Amino acid sequence: MYKVWYIAGAVLLLFGGCVGYTELPEPVKILRGIPADARSIAIHVLPATPGSVRNLETSADLSITLARSIREALARRKPDWRIEIREGQTPPVKTDLALRSEFLEVDGGSTGMRFWIGFNAGATQSIVQVSFLDGGGRDPAASRISHSTMCPTGLCTDSNEKMLQRNFEGLADEIAQFVIDPTEYAKRK
């Protein structure tokens with residue numbers, strides 16, 4: 001009987017995957033719901049706050065990477081929406097919503113701590129300030145969202161960049177849920 005538990009434990013340690021979790025460092029600010037007839041959104045790419053990126057050696061533009069992840073997450077949940085990414089000073093195009101997400105902190109974590117310790121040690125963490133405007137220029141809701149990705153069992157061999165990719169996927173899904181229904185999102189969190 002003990003052999004079964006040892007084998008199950010070994011399998012869990014070897015094949016246990018990384019998990020993500022989300023926290024809201026402060027309450028969601030909701031002034032009004034999104035318009036029921038909203039069918040388009042523009043994702044405005046804002047650069048990361050200077051000094052906010054740690055423990056990463058990537059040359060990728062993190063803001064663009066997150067914007068693409070948000071677009072994919074929104075497209076899965078709202079396939080009938082027109083979703084645009086706007087970089088720099090592009091001329092305004094009429095959309096029902098305009099999303100802004102600004103990195104406050106991006107920490108790639110520590111591969112050594114994830115491998116040897118596990119649990120939350122060496123976790124990858126991203127904190128963004130998210131807000132959006134409706135077509136009338138009003139700000140229906142805003143939130144600060146923190147998403148962490150960790151390896152609970154240790155023995156994780158993924159690079160910080162791979163962990164960041166997973167982190168962004170989870171963070172983008174959280175942002176998509178927030179945009180689609182901020183009131184329901186605040187209730188769940």
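Residues numbered from 1 in each chain as written. Predicted model: local features only at pLDDT ≥ 70, side-chain atom pairs only at ≥ 80, totals over all residues. Heavy atoms only, no water.

A. Expanded view of the packing of helix α2 (residues 62-77) against helix α4 (residues 160-180). Direction vectors running N to C along α2 and α4 enclose 55°, while the axes themselves pass 8 Å from each other. Between α2 and α4, the angle falls in the class oblique. As α2 packs across α4, the resulting crossing turns out to be right-handed. On α4, the residues touching Leu-62, Thr-65, Leu-66, Ser-69, Ile-70, Ala-73, Leu-74, Arg-76 and Arg-77 of α2 are Leu-164, Phe-168, Leu-171, Ala-172, Asp-173, Ile-175, Ala-176, Gln-177, Val-179 and Ile-180. Residue classes in the contact of α2 with α4 are distributed as 13 nonpolar, three polar and three charged. (Axes fitted to C-alpha atoms, helices over the stretch in contact; angles between N-to-C directions. Helix = DSSP H or I, 4+ residues; strand = E, 2+ residues; numbered from the N terminus. Parallel < 35°, antiparallel > 145°, perpendicular 65-115°, else oblique. Left-handed = near helix turned anticlockwise from the far one by under 90°. Contact = heavy atoms within 4.5 Å. Nonpolar A, V, L, I, M, F, W, Y, C, P; charged D, E, K, R; others polar.)

B. The nonpolar core, seen in detail. Leu-66, Leu-74, Trp-81, Leu-99, Ile-175, Phe-178 and Val-179 are the most contacted members of the largest nonpolar core, which totals 34 residues. Put simply, the parts of the chain that give this core at least two residues each are β3 (40-45), α2, β6 (97-107), β7 (124-134), β8 (141-150) and α4. For this core, the element with the most residues is α4, which contributes eight residues. Ignoring any residue separated from it by four or fewer positions in sequence, one finds Trp-81 in contact with Ile-34, Ala-38, Arg-39, Ile-41, Leu-74, Leu-97 and Val-179. (Core = buried A, V, L, I, M, F, W, Y, C linked by side-chain atoms within 4.5 Å. Buried < 20%, exposed > 50% of the residue type's maximum accessible area, 1.4 Å probe, protein only.)

C. A look at the packing of aromatic side chains. Counting across every chain of the model gives three aromatic pairs. Between Phe-178 and Tyr-185 the ring centres are 5.8 Å apart and the planes differ by 70°, which places this aromatic pair in the edge-to-face class. With relative accessibility at 1%, the residue Tyr-185 sits in the buried group. (Phe/Tyr/Trp six-rings, centres within 6.5 Å; stacked < 30°, edge-to-face > 60°.)

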